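Architecture and fold: a report
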Amino acid sequence: MERQTERGLWLALSRRRLLRSAGALGLLGLLPSYARAAVSAPGGLFGERVGSRRVFELEIGETELELAGRRASAVTINGTVPAPLLHLHEGEETVLRVTNRLSEDSSIHWHGLLVPPQMDGVPGLSFEGIHPGQTFEYHFVLKQYGTYWYHSHSALQEQLGHYGPLLIHPASGHHPYDYEREHVIVLSDWTFASPYQILDRLKKQPGYYNFQKRTLADFVRDVGREGLWSTLKDRAQWSGMRMDPTDISDVTGSVYTFLMNGRAPAENWMGLFQPGERVLLHIINASSATHFDLRIPGLPLRVVQAHGQYVRPVETDELRIGIAETFDVIVQPQDRPYTVFAEAMDRSGVAAGTLSPREGERAELPARRRRPVLGMADMGMMHHGEHGSMPQAHAAPTGDTGSHDMPGHDMDTDAATVAQAGAVRTEGLRAPGTLPGMVSHERDRHGPGNAMVPAMVQSRLTEPGLGLGQDGWRVLTYADLRALERRPDFRAPTREIEMHLTGNMERFQWSIDGVSFEQSEPVVLEYEERIRLTLVNDTMMHHPMHLHGMWMELENGHGELIPRVHTVLVKPAERLSVLVTADAPGRWAFHCHVLYHMEVGMFRVFEVKQPGVPRTAAVGHDH
Ligand SMILES: [Cu+2]
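To start, this report covers the structure provided alongside it.

Calculation notes
- Residues numbered from 1 in each chain as written.
- Predicted model: local features only at pLDDT ≥ 70, side-chain atom pairs only at ≥ 80, totals over all residues.
- Heavy atoms only, no water.
- Helix = DSSP H or I, 4+ residues; strand = E, 2+ residues; numbered from the N terminus.
- Pairing = 2+ DSSP bridges.
- Axes fitted to C-alpha atoms, helices over the stretch in contact; angles between N-to-C directions.
- Donors = N, O, S within 2.8 Å, 3.2 Å for Na, K, Ca; no water.
- Buried < 20%, exposed > 50% of the residue type's maximum accessible area, 1.4 Å probe, protein only.
- Arc of directions from axis to C-beta.
- Contact = heavy atoms within 4.5 Å.
- Polar contact = N/O pair within 3.5 Å; in protein donor to acceptor, adjacent residues only side chain to side chain.

Turning to unusual backbone geometry, a few remarks are in order. Looking along the chain, the bond that leaves V81 and enters P82 is cis, with omega of -5°. Considering the arrangement of structural elements, one finds P82 in the loop between β3 (70-77) and β4 (86-89). Of note in this structure, N268 is not a glycine but carries a positive phi near 50°. Here N268 is to be found in the loop between β11 (256-260) and β12 (269-272).

As structure tokens, this is what we get:
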């Protein structure tokens, strides 16, 4: 009884807090004390200084609030969706006291932050989770700067609203670029349905939310365009594989309302600016199952940070932001409103808001593009002679450092790896920073957990991606990203571990090397060992793979300037590699960031040995 009263009071408080925070998130342009006088920065929580520490109080709870014009019950932090923006500082001792007011366990994972394993917030791995009524104290010293986010790693709470943005201000107080104003843009997918019911339906009928299947009208149109024979052949190939080329997202706009800073497009999140100002946008994809394609018609986007790390500025017009990724861009708007337009990758809906010099003004909402259809390249059905059909890179890796093994150039050495997929290789590794080659891949080596294997897998880092690159404007690719500065540890890897992203769509089983998490063994790394992790996507879906605790350096052909990432969106039939320095002892999660893929087992543990433990024979990944 007592608890109920307390809870009622708390809900009332949180609703007020919601209004406050929604206003503060970019709207008010508050001027925090740390900022340079000319910069108008977003509000949020700055914590309380206690000696040398900065202390935050966060409360996870269930809150009734209004979302997308309807009453909804959400899992919130301090009563809001998204959770409050946290301002943290590089080099500072940070304490986050998190109280769980839910009736089930909860957690917070600090996405992309290098923290001790027991502070990483993955229940069952290195801490117990936060039980109902309990307060857990996260404490760590921040070893990095940049734009990140935080979210629940318990059950499906993330889909229910448990996510928020965080900025870590650099210790130097300086950025390698100038700007006069900043806004945070959190993209997410909200549903009024229960995520547990969604998962249940996906397990029973994986195409349940795909209401965009091809119709008879599509068939007639394709015949007109491609000819009868080619259309029939295409249909026969797809049905022979028992796949659907319109299956792009597991969960779609049919149950999702896409949000920008917690607001549906009709509610129009608005970020203000003074004409001519340089505006820094911190863009975060906090979705559970939606990749977004973001553009601001009329404004070039100058990308200055990717995954919290400075990159050499690159100008583009559109960027795909996979689940869990973050990008910082600078725009310089003139004296008129602009639409910030983020289409779901499958085009089943949009998140949208406005950048405007004045309250209340809106720009035109662009038309949603046609939904893309997976092609044979996404199925790895492309043959050697067809390189020309690959979309051309907008900014192919240009010569700075390192060699550029373009796709197809190291077929012989790489082919040996594929013959023993999932295995470990220590000999004949190619130079660090270079692209992997194209390899043929004909046999299913992953058992019943894997439904199919593409005939050909290759690097696709220079491709803009499914449904992009045909509009006459520039699109950012992973190959465009170069670190701003060289980093100290650029050793060649001594071991290559190849992992295949696998699944059985028809049964909604998702796994790695055909083995789901429950049946898997940890991947053991020596302390300070440098490995190459090669990921091969055997499925026709995109998988944003996330490693906790350590950076991945994405080998995109830029040698020593390859960018650091915490998540890498792997395209269908793609083969890519990352370098990892195993400098963080402990057990770390590695998983797909599509919430429902992770939940059914697309998850592994990476275990880095403690320093001083004698080196044993390389431990493979055996099942
Ligand atoms: Cu996935």
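Strand order in this open sheet of five strands is β26-β34-β33-β28-β31, and the pairing throughout is mixed. Every interior strand has two partners, whereas the edge strands, β26 (523-525) and β31 (567-570), have only one. Averaged over all neighbouring strand pairs, the angle between strand axes comes to 20°, with direction disregarded. Where strand β33 (residues 586-592) meets strand β34 (residues 603-608), six bridges bridge the pair, whose relative direction is antiparallel. From the neighbouring strand, W588 faces β34, where its bridge partner is F606.

Once that is clear, we can look at the coordination of the copper ion. Each donor-metal-donor angle in an ideal tetrahedron of four donors is 109.5 degrees, and each such angle in an ideal octahedron of six donors is either 90 or 180 degrees. Each protein donor to the copper ion is listed here as H543 (ND1), C592 (SG) and H597 (ND1); together their distances run 2.0 to 2.1 Å. Ordering the donors of the copper ion by residue number gives the pattern H-x48-C-x4-H. With H543 in strand β28 (residues 543-547) and C592 in strand β33, this pair connects stretches of sequence that are 49 residues apart. In this pair, the class of H543 matches that of C592, namely buried.

Listed as buried for helix α2 (residues 195-204) are P195, I198, L199 and L202. Taken down its axis, α2 places every buried residue within 95° of arc, on the same side. Structurally, α2 contributes buried residues whose contacts are with β10 (181-191) and α6 (595-599). Sitting at the head of α2, S194 places a side-chain oxygen 3.1 Å from the backbone nitrogen of Y196.

From the geometry alone we can't say anything about function, so treat these as descriptive.
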